[in-house]
Every structure is written in structure tokens, then in C-alpha cells.
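What the coordinates show
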Amino acid sequence: MSSTHGAEVLVASNRGPVSYETGEDGSLRAKRGGGGLVSGLSAIGPETNAVWVCAALGDGDRAAVRRAEGGLLPEADTGGQRVRMLDIDPEVFAAAYNGIANSVLWFVHHMLYQTPLEPVFDAEFRRQWAAYEAYNRAFAKALAEEAGEGAAVLIQDYHLALAPRMLRRLRPDLRIGHFSHTPWAPAEYFRLLPDDIAAELLTGILGADRAAFLTRRWADAFTECCHAVLGPGIPAGTRIGVHGLGADADFLRERSHRPDVAERMAALRAEIGEGRRTIVRVDRTELSKNIVRGLLAYRQLLDEHPEWREKVVHVAFAYPSRQDLAVYREYTAEVQRVAEEINSAYGTPGWIPVVLHVKDDFARSLAAYRLADVALVNPIRDGMNLVAKEVPVVSDEGCALVLSREAGAHEEMGEDALTVNPYDITGTAETLHTALTMPAEERAERSKRLAAAGTALPPARWFLDQLHALDDQSS
Ligand code: F6P
């Protein structure tokens, strides 16, 4: 197979670094995203020929791909990055992304099923699985076309579990890494999947030279699944690695002191009221984030420690995610319902107990981080959770971190955080009380150590370490 652009380094992910919106006049507006991969990839410098392969997610993206005639997107749109976006048939894409990636693989790795009635692996599931295979094949083909001889290819996440093996078959010369940003399910849970599907997922990833995870716990779970499904000697030829992803301290400190953040701090202060303590949480509204139990714990705090009434505000930002899925829409509605219930039961003329915002606003998130006395991060299960790492860096006075033991971040931050079992509402309520009453000096000291731990592995290092590890046979 011939190479179109002879790239030396390739990244593949479902969501790319840019998305497009179509204006009323039909014009396309590019919107650049952030995140670990974007800053990681920029660390390799312009002298390296790098290409990012991603999927078109909506109509705007598809129009942009047509305009690029199947080639690279204009660099003016991507901030200089070379991006090839794949216009995969919308039905195939929807079945692969919503059907398999988000409704099956995400549920398995985050252990979200209500097992008396789900999952159901029937003919419809098999149809969606065929689409997932086609979607992965489209990526493997594009990567094979773009990669120069012996290039390094870093394939991201559960959307692309089959692509490493498919690519290996097309291009045996390439060095291939796969990285999982999610937790990995324990073997007994992973084996809810039909045996052939479980095996296909594992052997798909094992097509890579190296499979990497955010924590040792997720890496070990993957190895256990390989033993349980494929046999004791597996993985044989694939190295297993761990690369924790941390927050970007320089970026956060600079960005959180810009005027738009100051403006939002003023608005938030007005909503919170003078002299009150804050319990802050910021999440995409994922089923795994456990926002509802966080609200229930806050309600219990107000019941059992009435001294906090009118003295504390729960600032909860729950931003939209995967709204094509009914279960996500229902979860968002439940978050709103419980927040309203608390406000009408406990609120007083000058005090709103829960300040909830559901419209994404990064500057407002940073404003909330700066005002945080307590950060609440209580996911059911989470690959890492960067919010846990970001709030201690940004909070003006230092914050106490209430952290789920099921978040990957707990491996690095557990010592100075206050640990909770995410299902235990009584325990979480008591821990919120402990966090709120922590002496200011202790809180500031802990917050400093949390910020240091949370920024020890910035995105650039995370990315470069993986790249170097691909060449190093011992890691
Ligand atoms: O946060 C974990 C993660 O798997 C990221 O790696 C990935 O970008 C995201 O979730 C996928 O979410 P979405 O469906 O919104 O693209």
C-alpha cells in the first residue's frame, strides 16, 4: 500500500482536534478543541511530519471533508495540525459510536449495566457490531495510507479497539501503540460480552506493539481479561504500559487569570452570596460521574449538619454529553430534578443551596475552580478524572478534595485527598463535612501537594513518553 503523506507519527481518535458548524448562510466555522492529545501532539514540534486521523462527527464535519476532497483539512482551521477526517457513512458511524462504543463498551468498562434487564446481545447488537468493524477498518485503511515506512501510530480508546490488528495486517512495518483512556473492566464483568466479541476486542488491541493505560489497575485488569478469555500465556507479543495523564499547570494558571474568568467569578459570587463556603463539581454529564449521588450526599449533609444551611453552596456544573442517547438525556433531567428538589426543600430567600449550570462554559468552570473550598469528584468509575487534578492547581485559597476511590486519579492523589466510596451517600455526606471543617492551613498544604501530584505528568510528557516507549523494547 502506498503512503499519501509519508507521516512519521500518526494519532488516531474518534473525536479530532477540530469540529465544524454550518452557519445559516452555509459557511463553515471551525472550532478547535483542547485536551491532552492536542497539547501532547504539539510537543513533537513542526519538524516531525505528523498526521491526526479522526472521524467526521456531524454534518458540518462532513461538509468540511467534502471541501477538503478527502485530503487534509486546511491548517488554518486546525491550528497548524495536519488532520485527516474520515467521512464514514452516517449510519455506520451512528451504530459504531452510539450503538457499540457508547452503549456497550463504555458501559462494560464503567460497569454501568442494570443487569436484571441488560445487556441484551441480540441480532441488533450483531448488526451494530458489523458497523463497529467497518468503522475500525476505515481507520486502519486511512492510517495505512498516511503512514510512512516504519512510522509510529498511536491509536486511542475503546472506539478503536480493533484497528491495531487490522492495521498490523495492512502494514506490518509500523510501530503501533494503543491507549485506553477509560478504566478497563474486571474479567468477570468483561465476560458479560459474548465470547467471540470479547476475544475480538482483546486480540484487536493485541495487534499493537504496546497497549497502554492510565493506571496500573486498568492495565492489570486488561491482562487478567486476556488470561481469562484468550488463555494464560496471553498477552505474549504485546507490551503493557502505564502512562498517567496529568493537568497542564502553566496553561491552567495563565488561562484562569484572564478577564473572562474574572467576569464569571463576579457573576458566580453573586449567585453564591457573601461569605459562604463552596463545594464545587464540574463534569460532563456522564452516567459514570455520579452527579445524582453527589447531590443526595449534599442533601444529607444539610439534614445531618443543619449548621451548614445558608453557609454553604453546592456549585455543580453538569455539561451536556452524548445527547443522542436517551439514557444520557434522562440522566441530565434527573440531575436537574434532584437539584431543584433540594433548592425548593431547603432554599431560603437569600440562599440557593445548589447552583446548577448545564451549559458548557470553560471560563465559568475555571471561575468555579478558583472559588472552590471543596472539590467533589465522586465517579462510580473513571479512567483518570482531570477535574480532580485541575481544581487544586487553580483554587485561589486551596481546596479540600473529596475523591472517589474508583477514579484513576486516586492512585496518584489518594494520600492528600479525602477518599469516598462513590455508592456510600452517608459516607460522602460525612466526608463533605470533614472537608468543610478542615483547618485552612491543612487545606492549603494538602492542596499544594495535590497540585504537585496532579501536574507531575503534563500532556506533553504523557505523549512523548508513549512515543519513546514504542521504541524501547523494555517498556
Ligand atoms: O474521558 C474518556 C474518553 O474516553 C476520552 O478519551 C474521549 O475523548 C471521550 O471519553 C469520548 O467522549 P465523546 O463521546 O464525547 O467523544
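Residues numbered from 1 in each chain as written. Predicted model: local features only at pLDDT ≥ 70, side-chain atom pairs only at ≥ 80, totals over all residues. Heavy atoms only, no water.

The strand order 12-11-10-13-14-15 describes an open sheet built from 6 strands, whose pairing is parallel. Here the strands that pair on one side only, and so sit at the sheet edges, are strand 12 (354–357) and strand 15 (418–420). Here the strands of the sheet are splayed against their neighbours by 20° on average, with no regard to which way each runs. Here strand 11 (residues 312–319) runs beside strand 12; their pairing, made up of 4 bridges, is parallel. Residue pairing for strand 12: V315 is matched across the bridge by V355. Set on the sheet, helix 11 (residues 259–272) makes contact with strand 10 (277–284), strand 11 and strand 12; between it and strand 11 the angle comes to about 130°. Contacting strand 10, strand 13 (374–377) and strand 14 (400–404), helix 15 (residues 386–394) crosses the sheet at an angle of about 175° to strand 13. (Pairing = 2+ DSSP bridges. Helix = DSSP H or I, 4+ residues; strand = E, 2+ residues; numbered from the N terminus. Axes fitted to C-alpha atoms, helices over the stretch in contact; angles between N-to-C directions. Contact = heavy atoms within 4.5 Å.)

Splitting the chain by domain gives domain 1 (7–245 + 461–474) and domain 2 (249–454). In this structure, domain 1 and domain 2 have C-alpha centres spaced 30 Å apart. Contacts between the two partners involve 24 residues from domain 1, matched on the other side by 20 residues from domain 2. Buried surface at the junction of domain 1 and domain 2, summed over both partners, amounts to about 1,600 Å²; 54% is from carbon and sulfur atoms. Contact with domain 2 buries area across many residues of domain 1, yet W106, R217 and L245 alone supply 27% of it, more than any other trio. (Domains from an automatic or database assignment. Buried area = accessible area lost by both parts, 1.4 Å probe.)

Turning next to the environment of R32. With respect to the helices, strands and loops of the structure, R32 is situated in strand 3 (residues 28–32). The sequence separation of R32 and G16 amounts to 16 residues, and the corresponding C-alpha distance is 8.9 Å. Excluding residues within four positions of it along the chain, R32 makes contact with P17, V18, A76, D77, T78 and G79.

Once that is clear, we can look at the side chain of H314. Assignment of secondary structure puts H314 in strand 11. Of the polar contacts made by the side chain of H314, one reaches the backbone oxygen of I279; its length is 3.0 Å. Once you skip the residues sitting within four places of it in the chain, H314 turns out to touch I279, R281, L295, Y298, P353, V354, V355 and L376. (Polar contact = N/O pair within 3.5 Å; in protein donor to acceptor, adjacent residues only side chain to side chain.)

One can find T215 in the loop between strand 8 (210–213) and helix 9 (216–230). Setting aside residues up to four positions removed in sequence, T215 forms contacts with V242, G383, M384, G408 and E411.

When helix 6 (residues 163–170) is considered as a whole, its buried residues turn out to be A163, P164, M166 and L167. Taken end-on, helix 6 shows its buried residues confined to a sector of 165°, consistent with a single buried face. The inward-facing, buried residues of helix 6 abut helix 5 (123–146), strand 6 (147–156), strand 7 (175–180) and helix 8 (195–205). (Buried < 20%, exposed > 50% of the residue type's maximum accessible area, 1.4 Å probe, protein only. Arc of directions from axis to C-beta.)

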